[in-house]
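Summary of the model geometry
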Amino acid sequence: MDKNIHIGIVGAGKIGTAIYNLLLGSGLNYRTSVADILPEFGDVQVGQKDYVQLDENKAVVEGESTQFNSFVKDKTLIINALPYTQNINLYKACLNAEIPYFDLSEDDKLDQFITAQKRYPLKTSIPFTMPHCGLAPGITTILAEHCAKDFEEPQRIRIRVGALSRNATNKLRYHTSWSGDGLVNEYRGQCQVVAEKKYETEPALSGYETIMIDGKEYEAFSTSGGIGTYAKTLADSHRGVIRADYKTLRRVGHHNYVDFLFNDLHLSEEILLGIFKDIPETRDDEVIIYITAGGYRYDDWKYREKTFYKVFRPQQVHGRHFSAIELSTACGILAMVELFLDDKLPKEGYVKQEQVLWSQVATTKFGRFYRKEF
């Protein structure tokens, strides 16, 4: 592998560090650097020679920060593992330096920013840009499209994903395994869906249902961002999809409490962030992926469904321990990076997850973790 490749990761939190460690142990020999505002000898779990401490005193107004400019300029590509509030800041630095950009975010403000830049058409004349590539949105979108393609006329697509604590001692039946900020954001936003063949939005925490998966009952409800750009793509494609949506899986009983906090009490974002940051963390987690697509095939014209089901649990990889959310999320984005560096993705423009073939993802070092048999 070309040792001249230099990958920049911005964000030294749980997921950024997981991405770094997976790359380090992969044998791909990419040079990798990680940047964050954290002190070098504080909580950073990155090799000293690979870490760059950013200046936190520079402007952090969305879209106006210059703190990332020097870090991104000499990189082959940038992976954004920062909180979603910094997406536009970092992307603007990559845009100006013409550096390929990947992020994990569920938030759609970057899409709006790109669309608003009239001098940068959405599909051409910008550096390679792939937001929403991790778990959900991310590989789950690719898997959903793979299932849908089993039908000449797909009708319904359901993406259900849950990042759950395997044990919980509170009434929420939930301990956090990732960002409290991100959790509040997805419980508050608008959810993109296809409804009656049209692109629509629905409020988060709506669409409550219970579902049996592998003999266990879970609840599911709409949360924002998990479907990425897929709902809009399906609605615009005129393939006849009647309903497509993304819902978060939780232990039964969780929804009543969060619905009370968010919708009955109408608590402010500041108060909600305080509450969810105080929920105990866990590394004993599991990630459940349950995707179904239903439709018709021309050979017999019977309604059928195709299902993808996979559970991630904590495991050792390359001698390091990864939680389920770390491994599933990091492998999602690294599979995209691997395809890009192997010239299997376009070299410029905005590239959506639903444009990527599962058959290609499944053969990568990192995408193989999503194969059912792995």
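Please refer to the structure higher up on the page.
Residues numbered from 1 in each chain as written. Predicted model: local features only at pLDDT ≥ 70, side-chain atom pairs only at ≥ 80, totals over all residues. Heavy atoms only, no water.

Attention now goes to the pairing of strand E4 (residues 77-80). Across the two faces of E4 the burial is the same, with Leu 77 and Ile 79 and Ile 78 and Asn 80 all buried. Taken together, the 4 bridges between strand E1 (residues 6-10) and E4 define a ladder with parallel strand orientation. Bridge assignment links Gly 8 to a residue of E4, and that residue is Ile 78. Looking at chain direction, E4 and strand E5 (residues 101-103) are connected through 3 bridges and run parallel. For Ile 79, the partnering residue across the bridge sits in E5 and is Phe 102. Each parallel crossover has a hand, and for E4 linked through helix H3 (residues 87-97) to E5 it is right-handed. (Buried < 20%, exposed > 50% of the residue type's maximum accessible area, 1.4 Å probe, protein only. Helix = DSSP H or I, 4+ residues; strand = E, 2+ residues; numbered from the N terminus. Pairing = 2+ DSSP bridges. Right-handed = clockwise from strand over helix to strand, strands pointing away.)

What follows is about the environment of Val 52. Tracing the chain through its elements places Val 52 in strand E3 (residues 51-53). A C-alpha to C-alpha distance of 6.7 Å links Val 52 and Asp 36, two positions 16 residues apart in sequence. Not counting residues within four places of it along the chain, the set of residues in contact with Val 52 comprises Val 34, Ala 35, Asp 36 and Phe 71. (Contact = heavy atoms within 4.5 Å.)

Counting across every chain of the model gives 21 salt bridges. Note that Arg 239 is salt-bridged to Glu 145, the shortest N-O span being 3.0 Å. Residue Arg 239 is located in the loop between helix H7 (230-237) and strand E12 (243-250), and its partner Glu 145 is located in helix H5 (residues 139-148); the two are separated by 94 residues in the primary sequence. The class for Arg 239 is partly exposed, based on a relative accessible area of 29%. By relative accessible area, which is 7% here, Glu 145 ends up buried. For Arg 160, the salt bridge identified is with Asp 245, shortest N-O distance 2.8 Å. Placement of Arg 160 in strand E7 (residues 153-165) and of Asp 245 in strand E12 is noted, with a sequence separation of 85 residues between them. (Salt bridge = Lys/Arg side-chain N within 4 Å of Asp/Glu carboxyl O.)

Interaxial distance between helix H8 (residues 254-264) and helix H9 (residues 269-277) falls to 11 Å at its minimum, and their mutual angle equals 155°. The orientation of H8 relative to H9 falls into the category roughly antiparallel. Crossing of H8 over H9 shows right-handed handedness. Along the contact surface, H8 presents Val 258, Leu 261 and Phe 262, while H9 presents Leu 272, Ile 275 and Phe 276. Of the residues contributing to the contact of H8 with H9, the split by class is 6 nonpolar, no polar and no charged. (Axes fitted to C-alpha atoms, helices over the stretch in contact; angles between N-to-C directions. Parallel < 35°, antiparallel > 145°, perpendicular 65-115°, else oblique. Left-handed = near helix turned anticlockwise from the far one by under 90°. Nonpolar A, V, L, I, M, F, W, Y, C, P; charged D, E, K, R; others polar.)

Following the criterion strictly, the structure yields 15 aromatic pairs and no others. A centroid spacing of 5.9 Å and a plane angle of 20° characterise the contact between Tyr 298 and Trp 301, whose relative ring orientation is stacked. For Trp 301, a relative accessible area of 47% gives the class partly exposed. Ring pairs connect the aromatic residues Tyr 187, Phe 221, Phe 262 and Phe 276, which therefore count as one cluster. Here the guanidinium or amino end of Lys 75 rests over the ring plane of Phe 71, the centre of that ring lying 4.1 Å away. In this structure, Lys 310 packs its charged tip against the face of Phe 312, placed 5.5 Å from the ring centre. (Phe/Tyr/Trp six-rings, centres within 6.5 Å; stacked < 30°, edge-to-face > 60°. Lys NZ or Arg CZ within 6 Å of the ring centre and 35° of its normal.)

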